[in-house]
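So the chains spell out like this:
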4 protein chains.
Amino acid sequence: MSPYSADSLDALRQHIREFARARAWERYHTPKNLVMALSVETAELLEPFQWLTAEQSCHLSAEQHEAVRQEMADVLIYLTRLADVLEIDLLEAAADKLAINARKYPIDRAHGNALKYSDFSDD
Amino acid sequence: MSPYSADSLDALRQHIREFARARAWERYHTPKNLVMALSVETAELLEPFQWLTAEQSCHLSAEQHEAVRQEMADVLIYLTRLADVLEIDLLEAAADKLAINARKYPIDRAHGNALKYSDFSDD
Amino acid sequence: MSPYSADSLDALRQHIREFARARAWERYHTPKNLVMALSVETAELLEPFQWLTAEQSCHLSAEQHEAVRQEMADVLIYLTRLADVLEIDLLEAAADKLAINARKYPIDRAHGNALKYSDFSDD
Amino acid sequence: MSPYSADSLDALRQHIREFARARAWERYHTPKNLVMALSVETAELLEPFQWLTAEQSCHLSAEQHEAVRQEMADVLIYLTRLADVLEIDLLEAAADKLAINARKYPIDRAHGNALKYSDFSDD
C-alpha cells in the first residue's frame, strides 16, 4: 500500500480512461504503443533544453516554462495511461523504489557524489 | 487549480526533495540534467518491450511486469523531481492539457482514428 | 545517388564540420548537447511508428517513407557530428562491436531467439 | 583501422544483414521494433552524460570514451539495419537533408544563434 494517502492520480487515471474510451482509442493503447508514445513525449520535453547551458535551464522564460509544462503534462498523461492498462499503482511503485534506493544509496556514502551515487534508479 | 483534489503527488514530491537534499544531490539536479535522466529512465522502460509483439506486450510475465513497474517508478520520480525544481503542478498541468485536447480531438471526429487523432499531445 | 564518392562517412563528417563552422555553432556542440540532439532526432523517428502495427510499419506510404528518411538523415548527421567532436571512427567502432557480439551471440544459441539473444548490443 | 575499405556503409550494411540472417533475427526486425531498439541504444549513449557538466563532457576519461564509443557503434548498427530494411540510402538522405538545411539556415542569419537556428533538423 502506498504511504501517500488520498491518491489524486486516481482521478487523473479515470479522466484519461474515459477520454480514450469516448474516442475508441483503446485498441491503439497496447503497452508497446504507449511506451513508444511516452518516449516521444519525453523527447519533446528534452528538445527545449538541448542547446541551453545548465544555468540557462534554471532560468526559463515564461514562454519556455509554459511549453515545458505542457510537455510534462503529456508525459504524465501517457505514464498514467500505461499504468492503468498494466494495472500498476504508480505512487505505490514510486514509494517502493525510493525504499530500495534508500538502502542502495546510504546517505553517508552518496553525499554529493553524482557520478556513482546520484541515481534514484538502481540500474 | 487542479480539479484533482487532495494532491497525493505532493507527498511524493516532498519525499524526493528530502531524499536529494540528504545526499547533497541538489547541485546536479538542474532542469537540463533532470530531463536527461528522465529520458534515460523512459528508454529503460522501452527496452523490455522492443522485441515483443503488441499481443505479448499485453501479457507480461510476473517478472516482466515487476521490472516494468520499477522503471515506471523511476520515470515518475524524475518527472516529479523536475516538476519540483521548475515549480510546476503536474496534476494541474495534466488537467489543463486534457482540456486543450478535448477541444482539439472532438469525440465525433477522433472516433477510432489513431493515425490522425489519437494523441493526447497536440504537437 | 550520394554525392559522397565510395559511400564515405568521412566526406559527410567534413561536410557537417564545415556547415557548423560557417554558422559558428561549434560553441553549442559539446558532447552533452549533441547526445541530447541525437535523442531528440531519434524520438522524431520513433513518432511516425508509435501507433502503427508491426505489419503497417513494413508498408509505409510514400509520404511516410520520405518523412522517415529525413528523420534518419538527422540521426546520422548528429551521430556523425558527435563522432567528429569525440574523435571516434564510427565504422571502426561498429566493426569492433560486431566482433564482440559475434562471440556473445553464437549462431547456434542465438538462432531465432529474440528475447534473450537478439540484441546487437551487449548490454 | 576500419575493415570496411573506403569507409563504406555498404559493407557494414551487408555485414549486419548476414549477422541477422545467420541468427534468424529477421522476423523481429520490423521497422517498428528497430526504431525502438535504436531509441534504447541512443538513451544508453545519453546515460554517461546525464550528470556531467558541459565542460566534463568534453574531457571524458579513457574508460568513459570507450563506453561512449561502443554505444555509438550500437546506434550506427541499428540505424544501418533500419535503413537496410526500409531500403533507404543513409548517405544520400543525409546529403539531401544538409542541402535543405543550408537553405533553411543561411550562414548570415544562423551565425552563432543556437536557440533559433542551430538545428540541422528542420522540424
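Refer to the preceding data block for the structure.
Nothing here was measured: the structure is a model prediction, and the numbers come from that model.

**Q** Would you mind going over the relation of the copies chain D and chain B with me for this structure?
**A** Relating one copy of the chain to the other requires a rotation about an axis plus a shift along that axis. Of the transformation placing chain D onto chain B, the axial shift is 0.0 Å and the rotation is 180°, giving an RMSD of 0.1 Å. Accordingly, the operation relating the two chain copies is best matched by a two-fold axis. Nearest to the rotation axis, the C-alpha of Ala43 of chain D is located 3.0 Å from it, this being the minimum over chain D. When the interface residues of chain D are mapped onto chain B, 100% of them are again interface residues, pointing to one common binding face.

**Q** I keep staring at the state of the cysteines and nothing clicks. Help me out?
**A** By definition, a disulfide is the covalent link that joins the sulfur atoms of two cysteine residues. For the coordinates displayed, the defined rule picks out 0 disulfides over all chains. Residue Cys58 of chain A stays outside any disulfide, its sulfur separated by 19 Å from that of Cys58 of chain D, the closest cysteine.

**Q** It is not clear to me how the environment of Val68 of chain A should be interpreted in this structure. Could you clarify?
**A** Among the structural elements, Val68 of chain A can be located in helix H4 (residues 62-85). A sequence separation of 39 residues divides Val68 of chain A from Ile107 of chain A, and the C-alpha atoms of the two residues are 31 Å apart. Non-local contacts of Val68 of chain A, meaning those with residues more than four positions away in its chain, are made with Leu45, Pro48, Phe49 and Leu60 of chain A together with Leu86 and Ile88 of chain B.

**Q** Help me understand the interface of chain C and chain D in this model?
**A** By a frequent convention, interface size equals the accessible area lost on bringing the separate parts together. Listed by partner, the interface residues are 86 residues for chain C and 86 residues for chain D. With both chains or domains summed, chain C and chain D bury close to 7400 Å², and 68% of this area falls on carbon and sulfur atoms. Linking chain C with chain D are 6 salt bridges. Measuring nitrogen to oxygen at the nearest pair gives 2.5 Å for the salt bridge that ties Arg69 of chain C to Asp96 of chain D. Taken together, the links from chain C to chain D amount to 17 residue pairs in polar contact (both at pLDDT 80 or more). Residues that form the side of chain C that touches chain D fall into these classes: 51 nonpolar, 18 polar and 17 charged.

**Q** Explain the environment of Ile100 of chain B to me, please; I cannot follow it from the model alone.
**A** Residues and elements named next belong to chain B. One can find Ile100 in helix H5 (residues 90-104). Given the relative accessible area of 24%, Ile100 is considered partly exposed. Along the chain, Ile100 and Ser8 lie 92 residues apart, while their C-alpha atoms are 24 Å from each other.

**Q** Please clarify how the packing of aromatic side chains should be interpreted in this entry.
**A** Across all of its chains, the model carries 12 aromatic pairs over all chains by this definition. With a centroid separation of 5.9 Å and 55° between ring planes, the pair formed by Phe19 of chain B and Trp25 of chain B is classed as tilted. Judged by its relative accessible area of 5%, Phe19 of chain B is buried. Residue classification places Trp25 of chain B among the buried positions, given a relative accessible area of 0%. Look at Tyr105 of chain C and Trp25 of chain D: their rings are 5.8 Å apart centre to centre, the planes differ by 75°, and that puts the pair in the edge-to-face class. In this pair, Tyr105 of chain C sits in the loop between helix H5 (90-104) and helix H6 (107-110) while Trp25 of chain D sits in the loop between helix H1 (9-22) and helix H2 (31-46), so the two residues belong to two different chains. In this arrangement the basic side chain of Arg23 of chain A is found over the ring face of Phe19 of chain A, its NZ or CZ atom lying 3.7 Å from the centre.

**Q** Where do I start with the interface of chain D and chain B in this structure?
**A** Listed per partner, the contact involves 17 residues of chain D and 17 residues of chain B. Of all residues in chain D, the largest losses of buried area upon contact with chain B belong to Met36, Gln50 and Trp51 of chain D, amounting jointly to 42% of the total for that side. Taken together, the connections running from chain D to chain B amount to 0 residue pairs in polar contact (both at pLDDT 80 or more). Per element, the largest residue contribution to the side of chain D that touches chain B is 9 residues, and it comes from H2 of chain D.

**Q** Help me out: how do you make sense of helix H2 (residues 31-46) of chain B in this one?
**A** Since the α-helix turns once every 3.6 residues, residues separated by three or four places project in the same direction. With 16 residues, H2 of chain B extends 22 Å between its outermost C-alpha atoms, agreeing within 8% with the 22 Å of an ideal straight helix rising 1.5 Å per residue. Among the 16 residues in H2 of chain B, 16 count as buried, and that is most of the element.

**Q** I would appreciate a short explanation of the pattern of salt bridges in the present structure.
**A** Opposite charge on two side chains makes pairing possible when the charged atoms of those side chains draw close. Applying the stated criterion across every chain, the model contains 36 salt bridges over all chains. Across the pair Arg21 of chain B and Glu26 of chain B runs a salt bridge whose closest N-O atoms are separated by 3.4 Å. When its relative accessible area of 38% is taken as the criterion, Glu26 of chain B is described as partly exposed. Of the charged contacts, one joins Glu66 of chain C and Arg69 of chain C as a salt bridge, the two residues approaching to 3.4 Å between their closest N and O atoms. Of the two residues, Glu66 of chain C and Arg69 of chain C both sit in helix H4 (residues 62-85), 3 residues apart, roughly one turn of that helix. Judged by its relative accessible area of 11%, Arg69 of chain C is buried. The network of salt bridges with common partners includes Asp10, Arg13, Arg17, Arg81 and Asp84 of chain A.

Analysis parameters
Residue positions within a chain follow its written sequence, with the count starting from 1. In the order they appear in the text, chains get letters beginning with A and ligands get numbers beginning with 1. For this predicted model, a pLDDT threshold of at least 70 governs which residues receive local features, and a threshold of 80 or more governs which side-chain atom pairs are given and counted, while totals over whole chains, interfaces and linings are taken from all residues. To get the side-chain values, all heavy atoms of the structure are used, and hydrogens and water are removed first. Here the copies were fitted onto each other by least squares, based on C-alpha atoms from residues at pLDDT of at least 70 in both. Throughout, a residue-residue contact means that at least one pair of heavy atoms, one from each residue, lies within 4.5 Å. Disulfides are defined in this document as cysteine sulfur pairs within 2.5 Å. Where helices and strands are cited, they refer to DSSP runs of H or I of at least four residues and of E of at least two residues respectively, numbered from the N terminus. When two parts are brought into contact, each loses some accessible area as probed by a 1.4 Å sphere; the total of that loss over both is the buried area. Salt bridges are defined as contacts in which a side-chain nitrogen from Lys or Arg sits within 4 Å of a carboxyl oxygen from Asp or Glu. In protein, a polar contact means a hydrogen-donor-capable atom and an acceptor-capable atom, both N or O and within 3.5 Å, with residues adjacent in sequence counting only if both atoms are side-chain atoms; elsewhere, any N or O pair within 3.5 Å suffices. Gly is put with the polar residues, along with every residue not named as nonpolar or charged; the nonpolar set is Ala, Val, Leu, Ile, Met, Phe, Trp, Tyr, Cys and Pro, and the charged set is Asp, Glu, Lys and Arg. Think of it in three bands: with a 1.4 Å probe and only protein chains considered, a residue is buried below 20% of the maximum accessible area for its type, exposed above 50%, and partly exposed in between. Any two rings among Phe, Tyr and Trp, with Trp reduced to its six-membered ring, count as a pair given centres within 6.5 Å; such a pair is stacked if its planes are under 30 degrees apart, edge-to-face if over 60, and tilted if neither. A ring has a charge above it when a Lys NZ or an Arg CZ is no more than 6 Å from the ring centre and no more than 35 degrees off the ring normal. Helix span, as expected, comes to 1.5 Å for every residue beyond the first.

Shape descriptors only; they carry no functional weight alone.
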